[in-house]
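Each chain, letter by letter, is given below.
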Amino acid sequence: MTLTDVALIHKVTRANCDPEVDRPDPEKVLAGDPVHTTWNLEDHDGLYCGLWESTPGKWRVSYAEWEYVHILAGHSILTGSDGSVTHLRKGDSYIIRPGFEGTWEVVETTLKDYVIRS
């Protein structure tokens, strides 16, 4: 994580946006003990956006919504149930479409901007 990434997190927390800290459902975890920290900046009318960070681990995912992500730091791998593999690293942007099923693996602690539309 760079100083720019740290500055971004500090800017969000100074804006009175307290982080939510949680973990994936234990039944979905395939490896590690990933800890998720989320700074929700918007939650209104089916639109959600903010920052999300996860420590290393791997878990099953199933999306019913659209999610746009922009990776600010780290390395994650999305593997679809169809065998498709997408590496996400700093500077990458990606859209996860409704119906995506597979795994999310955080190889290096990952920080992303996200926008979700349900």
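Above this text sits the structure in question.
Residues numbered from 1 in each chain as written. Predicted model: local features only at pLDDT ≥ 70, side-chain atom pairs only at ≥ 80, totals over all residues. Heavy atoms only, no water.

Asks: Explain the overall build of the protein here, please?
Replies: Across its full length, the protein carries one helix and nine strands. Counting from the amino terminus, the protein carries its helices and strands in the arrangement α-β-β-β-β-β-β-β-β-β. Here the protein, with 118 residues, has 38% of them falling under the buried criterion. (Helix = DSSP H or I, 4+ residues; strand = E, 2+ residues; numbered from the N terminus. Buried < 20%, exposed > 50% of the residue type's maximum accessible area, 1.4 Å probe, protein only.)

Asks: Where do I start with the pattern of salt bridges in this structure?
Replies: For side chains bearing opposite charge, pairing can occur when the charged atoms are close. A full pass over the atoms with the stated rule returns two salt bridges. Across the pair R23 and D33 runs a salt bridge, and its minimum N-O distance is 2.8 Å. Of this pair, R23 sits in the loop between β1 (20-22) and β2 (29-32) while D33 sits in the loop between β2 and β3 (36-44), and the two are 10 residues apart along the sequence. With relative accessibility at 48%, the residue R23 sits in the partly exposed group. (Salt bridge = Lys/Arg side-chain N within 4 Å of Asp/Glu carboxyl O.)

Asks: Just to check I follow, could you spell out the packing of aromatic side chains for this structure?
Replies: A ring pair, where both rings are aromatic, is described by two values, the distance of the centres and the angle of the planes. A full pass over the atoms with the stated rule returns three aromatic pairs. Where W52 meets W104, the ring centres are 5.5 Å apart and the plane angle is 75°; that geometry is what we call edge-to-face. Of this pair, W52 sits in strand β4 (residues 47-54) while W104 sits in strand β9 (residues 101-117), and the two are 52 residues apart along the sequence. For W52, a relative accessible area of 10% translates into the label buried. (Phe/Tyr/Trp six-rings, centres within 6.5 Å; stacked < 30°, edge-to-face > 60°.)

Asks: Teacher, can you tell me more about unusual backbone geometry here?
Replies: Glycine aside, residues mostly have negative phi, and peptide bonds are mostly found in the trans state. Backbone geometry at D45 places phi at a positive 55°, although glycine is not the residue there. Inspection of the secondary structure puts D45 in the loop between β3 and β4.

Asks: I tried to follow the side chain of T86 on my own but got confused; where do I start?
Replies: Mapped onto the secondary structure, T86 falls in strand β7 (residues 85-89). Once you skip the residues sitting within four places of it in the chain, T86 turns out to touch S76, I77, L78 and Y94. (Contact = heavy atoms within 4.5 Å.)

Asks: Looking at this structure, I do not really get a nonpolar patch on the surface. What am I missing?
Replies: A cluster of nonpolar side chains, namely W66, Y68, I95 and V115, defines an oily patch on the protein surface of about 350 Å² accessible area. When you line up the elements, V115 lands in strand β9. (Patch = residues over 30% accessible without salt bridge, like charges linked within 9 Å, V, L, I, M, F, W, Y side chains within 5 Å. Areas by Shrake-Rupley, 256 points an atom, 1.4 Å probe, with all protein chains shown as cover.)

Asks: Could you clarify how one ought to interpret the environment of D92 in this entry?
Replies: In this fold, D92 is placed in the loop between β7 and β8 (93-96). We classify D92 as partly exposed; its relative accessible area is 28%. For the pair formed by D92 and I71, sequence separation is 21 residues and the distance between their alpha carbons is 5.4 Å. In contact with D92, not counting residues within four places along its chain, are V69, H70, I71 and H87. Looking at D92, its side chain comes within polar contact range of the main-chain nitrogen of R89, at 2.8 Å. (Polar contact = N/O pair within 3.5 Å; in protein donor to acceptor, adjacent residues only side chain to side chain.)

Asks: I keep staring at the pairing of strand β6 (residues 66-80) and nothing clicks. Help me out?
Replies: A regular strand carries its side chains on alternate faces of the sheet. With 11 of 15 residues buried, β6 lies mostly within the body of the structure. Sheet topology places β6 next to β9; 13 bridges connect them, and they run antiparallel. Residue G80 lies in a different strand from β9, and its bridge partner there is G102. Summarising the sheet, β6 and β8 pair through four bridges and their orientation is antiparallel. Residue pairing across strands places Y68 opposite I95, the latter belonging to β8. (Pairing = 2+ DSSP bridges.)

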